[in-house]
Amino acid sequence: MNKFIKSDPMLCIGCRTCMVACVVNHTEKNVFALDPDSYDFTPRVQIQITDTVTKPVQCHQCPKPKCMEACPFNAISMGEDMVILDQDICKGCGKCAKACPFKAITMMRIYHGDTKGRPFRQVAFKCDLCRDTESGVPACIEACPTEVFTLFDPAEAAVKAKAAMEAKKAAATAPTT
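The next subject is the confidence of the model for the protein chain. Looking at the protein chain, pLDDT values average 90 and 99% of them are 70 or higher. Averaged over each element, pLDDT in the protein chain is lowest for helix α5 (residues 154–173) (84) and highest for helix α3 (residues 95–99) (98).

Here it is as structure tokens:
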């Protein structure tokens, strides 16, 4: 099972700090010092705001991703512990975004960088757990002022659950004095 970022919508205040941190992490630019028209704002996490809830939406790193099945260009693959989207291969058809049950893939127009010789290029974006980050911790986790996000590792959770079960079993079979 893959690692993924869990979020608690009850803690989200909709400040979008996670989105800015994501863009800064992936572009390595100080977005506050740039002309807004000089770069593409392409966060891999989105904030959904409704009348009843404010919540982050991002990739769940599914073990059998529908997005991967839907991509006709094989731009989505399984990594060691996450779903990887290769934006160089992506043709921007949007089939992955439509197939995602969590609506965690966003199609965005890119006007800067490699537009493949066109005025813009449509590309899919999804959470990559900031896999190239120096700290190894996703930027949204470190940046969120209300601690909405946690990195969930199913392998770690299984080890902890097994240890808890063994401790409970040992306590139940321990002689009473």
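The nonpolar side chains of soluble globular proteins are, as a tendency, buried together. Ranked by size, the top nonpolar core spans 33 residues in total, and within it Cys-18, Ile-76, Ile-105 and Phe-149 carry the most contacts. Looking at this core, the elements that each hand over two or more residues are α1 (17–27), β5 (83–85), α3, β6 (106–110) and β7 (121–125).

Turning our attention to the environment of Leu-85. By the element assignment, Leu-85 lies in strand β5. Taking the C-alpha atoms as reference points, Leu-85 and Ile-105, separated by 20 residues in sequence, lie 9.9 Å from one another.

Moving on, we come to α1. By the burial criterion, the buried members of α1 are Cys-18, Met-19, Ala-21, Cys-22 and Val-23. Residues of α1 that are buried make contact with β2 (46–49), α4 (139–143) and β8 (149–152). Remark: Glu-28 follows α1 within two positions and exhibits a positive phi of approximately 55 degrees.

Quick notes on the rules
- Numbers given to residues run from 1 along each chain, matching the order in which its sequence is written.
- With pLDDT at 70 or above as the cut-off, local features in this predicted model cover only qualifying residues; side-chain atom pairs require 80 or more to be listed or tallied, and sums for whole chains, interfaces and linings still use all residues.
- Each side-chain value is derived from all of the structure's non-hydrogen atoms; neither hydrogens nor water enter the calculation.
- The predictor rates its confidence in each residue with pLDDT, a number between 0 and 100.
- Under the scheme used here, helices are H or I runs from DSSP no shorter than 4 residues and strands are E runs no shorter than 2 residues, and both carry numbers assigned from the N terminus.
- Definition of nonpolar core: a set of buried residues of the types Ala, Val, Leu, Ile, Met, Phe, Trp, Tyr and Cys, connected through side-chain atoms within 4.5 Å.
- A 1.4 Å probe rolled over the protein chains alone gives each residue an accessible area, and that area as a share of the maximum for its type sets the label: buried under 20%, exposed over 50%, partly exposed in between.
- Contact criterion: two residues are considered in contact whenever any of their non-hydrogen atoms come within 4.5 Å of each other.

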